[in-house]
Amino acid sequence: DARVTQTPRDKVTEMGQEVTMRCQPILGHNTVFWYRQTMMQGLELLAYFRNRAPLDDSGMPKDRFSAEMPDATLATLKIQPSEPRDSAVYFCASSGGLNTEAFFGQGTRLTVV
Amino acid sequence: DQQVKQNSPSLSVQEGRISILNCDYTNSMFDYFLWYKKYPAEGPTFLISISSIKDKNEDGRFTVFLNKSAKHLSLHIVPSQPGDSAVYFCAASARTGSEKLVFGKGTKLTVNP
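Here we summarise the structure given alongside this text. This is a predicted model, so every value here is computed, not measured.

Notes on the nonpolar core
Here is step 1 of the chain: Counting 25 residues, the largest nonpolar core has Phe30(B), Phe33(B), Trp35(B), Leu73(B), Leu75(B) and Tyr88(B) as its most contacted members.
Here is step 2 of the chain: Elements that contribute at least two residues to this core include exactly β3 (19-25), β4 (30-38), β5 (45-51), β7 (62-67), β8 (72-77), β9 (86-94) and β11 (107-112) of chain B.
Here is step 3 of the chain: The element best represented in this core is β9(B), accounting for five residues.
Here is step 4 of the chain: Among the nonpolar cores identified, the runner-up in size contains 22 residues, and Met21(A), Ile26(A), Leu77(A) and Leu110(A) belong to it.

Structure below.
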């Protein structure tokens, strides 16, 4: 069953707390994306990796966000400290090569109160 | 700067009629275009794609047209069905070694029975 798995599905946290979102890409896919969906901006690209190396994280607020791929089966997106404006749905996606479609996980709905 | 634009936030169509969703892009380096469909509380799912060497790609009820000179693409759904009601995202990438997928803000399609 090839799919991208994200955990947790929902997260409610207080402002100032650390949040970690996890993603398991499809086995064999070498490119992993992190997107954030908001009403105003649609799907914004935060960061992406190829072969575990970060290629572009220009869409990410550097002071509080960090993205890593500790190994080929795990990507993490961390927010520290979290703020109410970070409330959104965060999607992870993976793809298997240049100019192929990306497959999305079901997302993590983050609410920072 | 929005490189991929979907200027219609919503579209309402009668069942059985044609739905036409539009997308414009500004980056002339884009050469691969995709459409995704998204239902509430789910991740986007890939629908259809087109390479810049083509001007049309068809898959069942879905056809994507590409007009490179106008930097415009459209998705035609015919006949439209109530189950097609979803948010449709246009996405683009450039064949420069970067697999970065840039998305539009989406168009919410409602197909009325």
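Brief notes about the environment of Leu47(B)
Residue and element names in this part refer to chain B.
Here is step 1 of the chain: Structurally, Leu47 can be placed in strand β5.
Here is step 2 of the chain: Leu47 gets classed as buried once you look at its relative accessible area, which sits at 15%.
Here is step 3 of the chain: Along the backbone, Leu47 and Tyr36 are 11 residues apart, and their C-alpha atoms lie at a distance of 5.1 Å.
Here is step 4 of the chain: Discounting chain neighbours no more than four positions away, the residues touching Leu47 are Trp35, Tyr36, Asp59, Phe62, Leu75 and Tyr88.

Structural notes on the state of the cysteines
Here is step 1 of the chain: The final tally for this structure, using the stated rule, is two disulfides over all chains.
Here is step 2 of the chain: Each disulfide pairs two cysteine sulfurs, and for Cys23(A) the partner residue is Cys92(A), the sulfurs being separated by 1.9 Å. In this structure, the disulfide formed by Cys23(A) and Cys92(A) twists by about -60 degrees around the S-S bond and is classed as left-handed. Taken together, the residues span a long stretch of sequence, with Cys23(A) in strand β3 (residues 19-24) and Cys92(A) in strand β9 (residues 88-95) at a distance of 69 residues.
Here is step 3 of the chain: Taking relative accessible area as the criterion, Cys23(A) reaches 1% and is therefore assigned buried.
Here is step 4 of the chain: The class for Cys92(A) is buried, based on a relative accessible area of 0%.
Here is step 5 of the chain: For Cys23(B), the disulfide goes to Cys90(B), at an S-S distance of 2.0 Å.

Some points on the interface of chain B and chain A
Here is step 1 of the chain: Across the contact, 21 residues belong to chain B and 24 residues belong to chain A.
Here is step 2 of the chain: Both sides together, the interface formed by chain B and chain A hides about 1900 Å², and carbon and sulfur atoms give 54% of it.
Here is step 3 of the chain: Applying the counting rule to chain B against chain A returns one salt bridge.
Here is step 4 of the chain: Note that Lys100(B) and Asp56(A) form a salt bridge whose closest N and O atoms lie 2.9 Å from each other.

Looking at the packing of aromatic side chains
Here is step 1 of the chain: Scanning the entire structure with this criterion turns up 12 aromatic pairs over all chains.
Here is step 2 of the chain: Geometrically, the ring pair formed by Phe104(A) and Phe103(B) is edge-to-face, given 5.8 Å between the ring centres and 80 degrees between the ring planes. Here Phe104(A) is found in strand β10 (residues 103-104), whereas its partner Phe103(B) is found in strand β10 (residues 102-103) on a different chain. Note on accessibility: Phe104(A) and Phe103(B) belong to one class, buried.
Here is step 3 of the chain: Joined through ring pairs, the aromatic side chains of Phe33(A), Tyr35(A), Tyr48(A), Phe91(A), Phe104(A), Tyr36(B), Phe46(B), Phe89(B) and Phe103(B) make up one cluster.

Analysis parameters
Residues numbered from 1 in each chain as written. Chains lettered and ligands numbered in written order. Predicted model: local features only at pLDDT ≥ 70, side-chain atom pairs only at ≥ 80, totals over all residues. Heavy atoms only, no water. Core = buried A, V, L, I, M, F, W, Y, C linked by side-chain atoms within 4.5 Å. Buried < 20%, exposed > 50% of the residue type's maximum accessible area, 1.4 Å probe, protein only. Helix = DSSP H or I, 4+ residues; strand = E, 2+ residues; numbered from the N terminus. Contact = heavy atoms within 4.5 Å. Disulfide = S-S within 2.5 Å. Buried area = accessible area lost by both parts, 1.4 Å probe. Salt bridge = Lys/Arg side-chain N within 4 Å of Asp/Glu carboxyl O. Phe/Tyr/Trp six-rings, centres within 6.5 Å; stacked < 30°, edge-to-face > 60°.

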